[in-house]
Amino acid sequence: MNTISVPNEILIPRIAEFIAEGHTATFRVKGRSMRAFLEDGRDQVVLSPFDAGRLRRGDVVLAEVAPRCYVLHRIVAREGDRLTLRGDGNIRGCETCRVSDVLGLASGFLRKGRQTPDRTDGLKWRIYSALWPQNPFLRRLALAAYRRLYLRFTHQNPIK
């Protein structure tokens, strides 16, 4: 199967239109900010329409954090209509946006070539979300272990 790489500034506004019309959209993730759960170029996210009033801590959203700058990150805090976002693979640094900047809510992930998505309302996702470290030091340790063990032994990112 051939793949086509489309720049985010073209693809994401179209995805936002689909979601605003009530459809879901599935696309392959770019970047490593959601590692260890999502891998660059390997995994896909299923985005769905959402109720802005129901966005909460722990939800993964696609948001425009600056003009034509998009992130797929987890909500770590909500204060009124302001959201603080951080990728699971980020040790420090967060982004902020308004609820109106959210383009879609992740409802599932197609990981490791699977055809059936891991749903975000399922037990597997809730356990993962609860166990993933929020503390920067513990997160750094978890990511280091992931890079040194999992990626090395699966030959995705050999360490020299």
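Use the structure listed above.
Because the structure is a prediction, the values reported are computed rather than measured.

Observations regarding the overall build of the protein chain
If you tally the helices and strands in the protein chain, you get three helices and eight strands. The helix and strand sequence of the protein chain, counted from the amino end, reads α-β-β-β-β-β-β-β-β-α-α. Its C-alpha atoms put the protein chain at 45 × 40 × 30 Å along the principal axes. Taken across its 160 residues, the protein chain has 38% of its residues classed as buried. Nonlocal contacts in the protein chain, meaning residues at least 24 apart in sequence, comprise 52% of its contacts between residues at least 6 apart. Accessible area of the protein chain: about 9,700 Å², with a carbon and sulfur share of 54%.

Looking at helix H1 (residues 8-20)
Spacing of three or four residues puts side chains on the same side of an α-helix, whose turn is 3.6 residues. Here H1 spans 18 Å end to end across 13 residues, near enough to the 18 Å set by a 1.5 Å rise per residue. What H1 keeps buried is the set Ile12, Ile15, Ala16 and Ile19. Viewed end-on, H1 has its buried residues packed into an arc of 100°, placing them on one side of the element. Count one or two residues on from H1 and you reach Gly22, which has phi positive near 100°.

Some details on the pairing of strand E6 (residues 95-98)
Here E6 shows a buried face lined by Glu95 and Cys97 and an unburied face lined by Thr96 and Arg98. As paired elements, strand E5 (residues 82-86) and E6 share four bridges and run antiparallel to each other. In the sheet register, Leu85 faces E6, and the bridge partner there is Glu95.

Calculation criteria
- Residues numbered from 1 in each chain as written.
- Predicted model: local features only at pLDDT ≥ 70, side-chain atom pairs only at ≥ 80, totals over all residues.
- Heavy atoms only, no water.
- Helix = DSSP H or I, 4+ residues; strand = E, 2+ residues; numbered from the N terminus.
- Buried < 20%, exposed > 50% of the residue type's maximum accessible area, 1.4 Å probe, protein only.
- Contact = heavy atoms within 4.5 Å.
- Areas by Shrake-Rupley, 256 points an atom, 1.4 Å probe, with all protein chains shown as cover.
- Expected span 1.5 Å × (residues − 1).
- Arc of directions from axis to C-beta.
- Pairing = 2+ DSSP bridges.

Any functional reading would require information beyond the geometric quantities listed.
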